[in-house]
Every structure is written in structure tokens, then in C-alpha cells.
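Okay, here's what each chain looks like letter by letter:
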Amino acid sequence: MKNIEENKSYIKSLTSMNKEELEELIISFGEKKFRASQIYSWIYKSIKDIHSMNNLPKKLLDNLSECHSLYSITVDTVEKSKTDGTRKYLFSLDDGNYIEGVFMKYKYGNTMCISSQAGCRMGCVFCASTIDGLKRNLKPWEMLDQILLAQLDTGEKINHIVLMGSGEPFDNYENVKAFINLVNSKDTLNLGMRNITVSTCGIAPKIREFAMDFPQVNLAISLHETEDIRRSNLMPINRKYKIDELIEACKYYVEETNRRITFEYALAEGKNDSYENMRSLANLIKDINCHVNLIPLNFVKEIGMAGSNRKAAERCKEILEELHIQATVRRELGSDINGACGQLRLLKRSMNE
Ligand code: SAH
């Protein structure tokens, strides 16, 4: 039994292969090269399994499924909201780690929030993803498969992607870059750069690199505090890249790309949601073309920090708007199913204990 399990992790998924690798594989089966292009286009259609490719010879499909899986990850559980169509996925990786993804319905289309790492080493105190530290970086196709499997499960096309699940995208930058280029390709998902958003806790040098590499991709900054000592206590990355350096990098991004930046600000009751806090926030970002996304902090049992209530969040929005800063309070989607990112994974861990 153990051997079978061990071997499983060496099965290469078709989603992890590029066209050239597929061609080599097909030729090794003694089939014609053009079959590789057929397979390549099937892969991105969110099909159920290898045998769904119904214009290919059965013998070839049998051969393929003997030594390859279609996807590199599998859906472990899905939680479906009864009220708004949100679905939260717990995916298992081939090495036994878990990651999460969330499918959300908005007026402008379907959005998938994906993970970029299993776990996270950034150590933000309010975040469930960081509790066991970083397990490992995700490969580009493990990010892709979260989207393909959610499309398969919902039967709907995903139009927007946000890298706001577990992990810090800029701590796995090479793979994130490869992922963005992959899904943007006309031969795959053909997702517009403007339909992708990357969220970071504030790795300043990477923000600058990102502005050069992807001037059309949206950027969100998890700010949460506006003063160094307080932010460092909440988000250890701030000890390395202080607020000044972060803000300079944000200004650089906006100047280089001509795009508006988003500041994420999670509201914790009595900690960062006062009139003074909002004034200090407005003062910090007043020269930047930006938008503030206010998110009442999701309660994480293991951490025990309480979020501000809806009314307090609305008041913060009004204060910011009076100070000429555009702000929204994030709609709470899927509030009837398991809360903040990282929580499904923790639930799974506690069930296994
Ligand atoms: N590492 C990246 C992306 C993953 S976190 C980042 O820091 O931006 C995605 C967002 O969820 C971040 O804004 C993060 O600060 C926020 N977040 C984490 N835990 C949360 C919680 N308990 N309640 C509300 N937002 C949370």
C-alpha cells in the first residue's frame, strides 16, 4: 500500500506538460505528432478525465492514463454557500499537503481566489495560513489546476483570478510569473492580464520588479496598519521593508504602470478602526492613485482576534471618503461557510489529529 502511495507522487500530470513535452510523449507511444496539439487544447477545457478527450484513439487514452494523471492536484472537499454561489475548495497536493481556493460570483463575472504556496512563512499574526509555516512553493500548474478543477466542479468559466489564497506570491515569484504567463496565453485560458490580481504583504523590491514584468496585472497591498511599530507587530515582513519603503515601491508601481493600486485593510475591533487610524491611513496614501478595500477581520479561532462589525466598517469607509480616499467594504461572500483563508486546511489538520 505504502509503495502505491509513494509512486503516486511521481505521476506527472498532463497539466504540468508543455507542448514539446507532450509531443515527445506522443511520439514515444508511436502516435502522430498532431495528437499532442489536440491533447494540449483539451487540457484547458476543464474536462473530467483523460478519457473525456473524445476525438482521440482509445488506445492512446489508455496509454496516457496508465502513466499520467490529468490534474496535479485533487479536490478533497467543497463547501457550497446556500446564499450566494460561493464555493470553498480544499485541494490535496500529491505530497499530502493541502491548499485552499475560493470560487466567487460577482456581477462582473466569476472570480477564483487561488493559493500560491502550501502554508506561508510571512508570519502575519491574524492569518490562518501561516500557523504551521511554509510547507512548500506551488508549481505553476498547481496554481492552474485550482482554476481548472473549480471550472469543472461549477460548470462555469472563471474570468478573474486573485492570488489571495494561502501563501505570499512574491515569495514564490518565479513560479507565479510562469503561472501568469501560462494562463494569459491564447492557447490555454486566454485570461487577460487585467483580469488577474496579485496580493502581497509588502515585499518592496518585488513590487518594483512586478511593475516592470506585468504592467497590466492588478496589484493589491495588504497594509492593515500605518505606523511601523504597530505594523511590524502584526506583520513581521514590515521589519525588513518599512512602511516608507513600501509606499515608495507602491508609488513606483503606479507611475510605471498608470494603474490604480488597491490597499487591503483588515479591520480589527478597537485595534486599527478608529477615526485617528483612518486619518493616518488617508494621510499615508493621499498622493497615490489608489482604492482601499476594508475587510472586517475574519475570526480565526487559533488566534482569537475579533473583527470590527459591519457598522464600524461602514463608518471607516465614510471617514476615508470625507478625506477624499475611495473605499469599499468588502462584500462578505460565503459567510455561511468556513471563514478566512487557511481555515479549511486547519480544520482538516485538526480532524486528522
Ligand atoms: N500573502 C498575500 C496574499 C495572501 S493573504 C498578502 O498578504 O496579501 C490574502 C489577504 O487575506 C491579505 O490581505 C491578508 O492580509 C488577508 N487576511 C489574512 N487573514 C485574514 C483574516 N483573518 N481576516 C481578514 N483578512 C485576512
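Residues numbered from 1 in each chain as written. Predicted model: local features only at pLDDT ≥ 70, side-chain atom pairs only at ≥ 80, totals over all residues. Heavy atoms only, no water.

S.K.: Could you give me a rundown of the side chain of Asn-277, with the residues and numbers involved?
M.R.: Counting through the fold element by element, Asn-277 comes out in helix α11 (residues 275-285). Within the local environment of Asn-277, its side chain forms a polar contact with the backbone nitrogen of Asp-273, the two atoms lying 3.1 Å apart. (Helix = DSSP H or I, 4+ residues; strand = E, 2+ residues; numbered from the N terminus. Polar contact = N/O pair within 3.5 Å; in protein donor to acceptor, adjacent residues only side chain to side chain.)

S.K.: Hey, could you go over the environment of Gly-165 for me, with residue numbers and the actual values?
M.R.: Mapped onto the elements, Gly-165 comes out in the loop between β9 (160-163) and α6 (173-184). Note on Gly-165: relative accessible area 11%, which makes it buried. Residues Gly-165 and Ser-129, 36 residues apart in the sequence, show an inter-C-alpha distance of 8.4 Å. Not counting chain neighbours up to four residues away, the residues in contact with Gly-165 comprise Cys-113, Ile-114 and Ser-115. (Buried < 20%, exposed > 50% of the residue type's maximum accessible area, 1.4 Å probe, protein only. Contact = heavy atoms within 4.5 Å.)

S.K.: Can you tell me about the packing of aromatic side chains, naming the residues and giving the values?
M.R.: Evaluated as defined, the whole model comprises 7 aromatic pairs. With a centroid separation of 5.5 Å and an interplanar angle of 90 degrees, the aromatic rings of Phe-170 and Tyr-173 are classed as edge-to-face. Across this residue pair, the class does not change: Phe-170 and Tyr-173 are buried. For the ring pair Phe-170 and Phe-210, a centre distance of 5.3 Å and an interplane angle of 55 degrees mean the geometry is tilted. Of this pair, Phe-170 sits in the loop between β9 and α6 while Phe-210 sits in helix α7 (residues 204-213), and the two are 40 residues apart along the sequence. Comparing Phe-170 with Phe-210, the two get one shared label, buried. (Phe/Tyr/Trp six-rings, centres within 6.5 Å; stacked < 30°, edge-to-face > 60°.)

S.K.: With reference to specific residues and values, describe the packing of α7 against helix α10 (residues 243-257).
M.R.: Interaxial distance between α7 and α10 falls to 9 Å at its minimum, and their mutual angle equals 5 degrees. As far as their axial angle goes, α10 and α7 are roughly parallel. For the pair α7 and α10, the contacting residues are Ala-204, Ile-207, Arg-208, Phe-210, Ala-211 and Met-212 in the first and Glu-245, Leu-246, Glu-248, Ala-249, Cys-250, Tyr-252, Tyr-253, Glu-256 and Thr-257 in the second. Class assignment of the residues belonging to the contact of α7 with α10 gives a composition of 10 nonpolar, 1 polar and 4 charged. (Axes fitted to C-alpha atoms, helices over the stretch in contact; angles between N-to-C directions. Parallel < 35°, antiparallel > 145°, perpendicular 65-115°, else oblique. Nonpolar A, V, L, I, M, F, W, Y, C, P; charged D, E, K, R; others polar.)

S.K.: An account of the state of the cysteines is needed here, citing residue identities and associated values.
M.R.: In the structure shown here, the tally under the stated rule is 0 disulfides. Sulfur of Cys-120: no disulfide; nearest cysteine sulfur belongs to Cys-127 and is 6.4 Å away. Distance from the sulfur of Cys-316, which forms no disulfide, to the nearest cysteine sulfur (Cys-290) is 15 Å. (Disulfide = S-S within 2.5 Å.)

S.K.: Summarise the sheet that holds β9; cite the residues concerned and give the values.
M.R.: Across the sheet, 10 strands lie side by side as β3-β4-β5-β6-β9-β10-β11-β12-β13-β14; this open sheet has mixed pairing. Strands at the two margins of the open sheet, each flanked by one partner only, are β3 (74-80) and β14 (327-329). Averaged over all adjacent pairs, the angle separating strand axes in this sheet is 20 degrees, with direction ignored. Strand direction decides the pairing type here: strand β5 (residues 98-106) and strand β6 (residues 109-113), joined by 5 bridges, are antiparallel. Across the sheet, Lys-105 pairs through a bridge with Asn-110, a residue of β6. Where α10 meets the sheet, it contacts β11 (218-222) and β12 (261-267), and its direction lies at approximately 145 degrees from that of β12. Helix-sheet contacts for α11 involve β12 and β13 (290-296), and the interaxial angle to β12 is about 165 degrees. (Pairing = 2+ DSSP bridges.)

S.K.: Tell me about the pairing of strand β4 (residues 87-92), and please be specific about residues and values.
M.R.: Each regular strand shows side chains that alternate between the opposite faces of the sheet. Judged by how many residues are buried, β4 sits mostly within the fold: 6 of 6 residues are covered. Side-chain alternation along β4 places Arg-87, Tyr-89 and Phe-91 on one buried face and Lys-88, Leu-90 and Ser-92 on a second face that is also buried. Hairpin remark: β3 followed by β4, antiparallel, with 6 residues in the connecting loop; positive phi at Gly-85, about 85 degrees. Pairing analysis gives 6 bridges linking β4 to β5, with the strands arranged antiparallel. Looking at β5, one finds that Ser-92 is bridged to Tyr-98.

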